[in-house]
Amino acid sequence: VNASAAAVAAALRDRHSIVLTSHARPDGDAVGSCLALALALDHLGKQVRVILHDPVPMPYRDLPAVDRVEVGDRLSGTADAVVVMECSDLDRPDVAGLDQHFVVNVDHHLGNTMYGAVNWFDESAAACGEMVADIIDALNVPWTADIASHLFLAVATDTGGFRYGPMTARTFDLCRRIALAGANPANLARMIFDSFSLGRVRLTGALLNAMELHHDSRLAILALDDDLLSTCGATPDDTEGLVNLPLGAREVVAVALLKRQNGNVFRVSLRSKGAVDVRAVAETWDGGGHQNAAGCTVTGSTTEVRDAIVARMKQVIDAGT
Ligand SMILES: [Mn+2]
């Protein structure tokens, strides 16, 4: 059964020690959802911990209360409830021991396996943070500027800076209340979107400079390896989201980013606009994802992998445009 914000709030109101978690390699929605809810539960006098498998990404570390995130791969000790946000299954957090607890599952990703004792799934939410806002309201906790800042992080990142996803009046009502609560949207946006490393900025230039175009410039191919990273002074963390950049061109409707892992193994990230279904491409190599964002692992020489990806991408571009 699908629950509601009220049901989640009722489950949390009755419990004292509460652990919050989200997926490994957390994104802005994962961090923002966890910390907004943590701050709200503090207000109710709960004992709250936030555990993530990986550190908060650098651009989000200046937001309030980020230092309370514990990085770990195991939930030690007891908890009356574990709230898992942004995760379609209980393996996504990559934190052992969650299944030993009363799990509350809050998510907006299609294909959620309803693994919790309480499950609230809402694919109409532009970010999990929209759902967290409803939970905070159901708990009758007033929004502080810090809570609002994390809700902004969640919604601003999951919509790609208000570009995509199921944005609705609910999204902008949330933004209105974020501003009313005293968060500073311009400062936050600069912090979230414009605080990369110099290595990342150099890498952006190098990657785009070497971009290949195919199929009347409708398909862009980007390639990345450790040599390019070190030439630019960048780290693997600096590659997050770079696959989206070619979509900034009007002509480009699909992108593949080929990251050489080691030897002949490539991690392939795929992005598209509109009806071009890159999940179908990922599934060719046992990968997965969504229509506009997917990934898979492909083995072969650089040329073999690129040619195979280009051929398959052309098919979905033709089918979707
Ligand atoms: Mn999300």
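Scoring rules and cut-offs
- Residues numbered from 1 in each chain as written.
- Predicted model: local features only at pLDDT ≥ 70, side-chain atom pairs only at ≥ 80, totals over all residues.
- Heavy atoms only, no water.
- Helix = DSSP H or I, 4+ residues; strand = E, 2+ residues; numbered from the N terminus.
- Rg over C-alpha atoms; globule rule 2.2 N^0.38 Å.
- Buried < 20%, exposed > 50% of the residue type's maximum accessible area, 1.4 Å probe, protein only.
- Areas by Shrake-Rupley, 256 points an atom, 1.4 Å probe, with all protein chains shown as cover.
- Lys, Arg positive; Asp, Glu negative; His and termini not counted.
- Charge placed at Lys NZ, Arg CZ, Asp CG, Glu CD.
- Core = buried A, V, L, I, M, F, W, Y, C linked by side-chain atoms within 4.5 Å.
- Contact = heavy atoms within 4.5 Å.
- Donors = N, O, S within 2.8 Å, 3.2 Å for Na, K, Ca; no water.

Visitor: In this structure, what is going on with the overall build of the chain? I would like to understand it.
Guide: Regarding its fold elements, the chain presents 10 helices and 12 strands. Relative to the compact-globule value of 20 Å for 321 residues, the chain shows a C-alpha radius of gyration of 20 Å, a close match. For the chain, the spread of C-alpha atoms along the three principal axes comes to 60 × 40 × 35 Å. Expressed as a percentage of the 321 residues in the chain, the buried residues total 48%. With an accessible surface of roughly 14300 Å², the chain has 49% of that area assigned to carbon and sulfur atoms. Side-chain charges of the chain comprise 27 positive and 40 negative groups, with the mean position of each set lying 3 Å from the other.

Visitor: What is the right way to look at the nonpolar core in this model?
Guide: The nonpolar side chains of a soluble globular protein tend to be buried, and buried together. With 56 residues, the main nonpolar core has Leu20, Leu37 and Val106 as its most contacted residues. With nine residues, the single largest contributor to this core is helix H2 (residues 28–43). With near-sequence residues (within four places) excluded, Val106 lies in contact with Val8, Val83, Val84, Met85, Glu86, Trp120, Cys128, Met131 and Ile135. In this structure, Ala256, Val276, Val305 and Val310 belong to the second largest nonpolar core, which totals 22 residues.

Visitor: I tried to follow the coordination of the manganese ion on my own but got confused; where do I start?
Guide: For a metal with four tetrahedral donors the ideal donor-metal-donor angle is 109.5 degrees, whereas six octahedral donors ideally subtend 90 or 180 degrees. Around the manganese ion, the protein contributes the donor atoms Asp29 (OD), Glu86 (OE), His108 (NE2) and Asp158 (OD), at 2.0 to 2.3 Å from the metal centre. Each donor residue of the manganese ion lies on one chain, and together they are spaced D-x56-E-x21-H-x49-D. Of this pair, Glu86 sits in the loop between strand S4 (81–85) and strand S5 (103–107) while Asp158 is found in helix H4 (residues 145–158), placing the two residues 72 residues apart along the sequence. Of the two residues, Glu86 and Asp158, both sit in the buried class.

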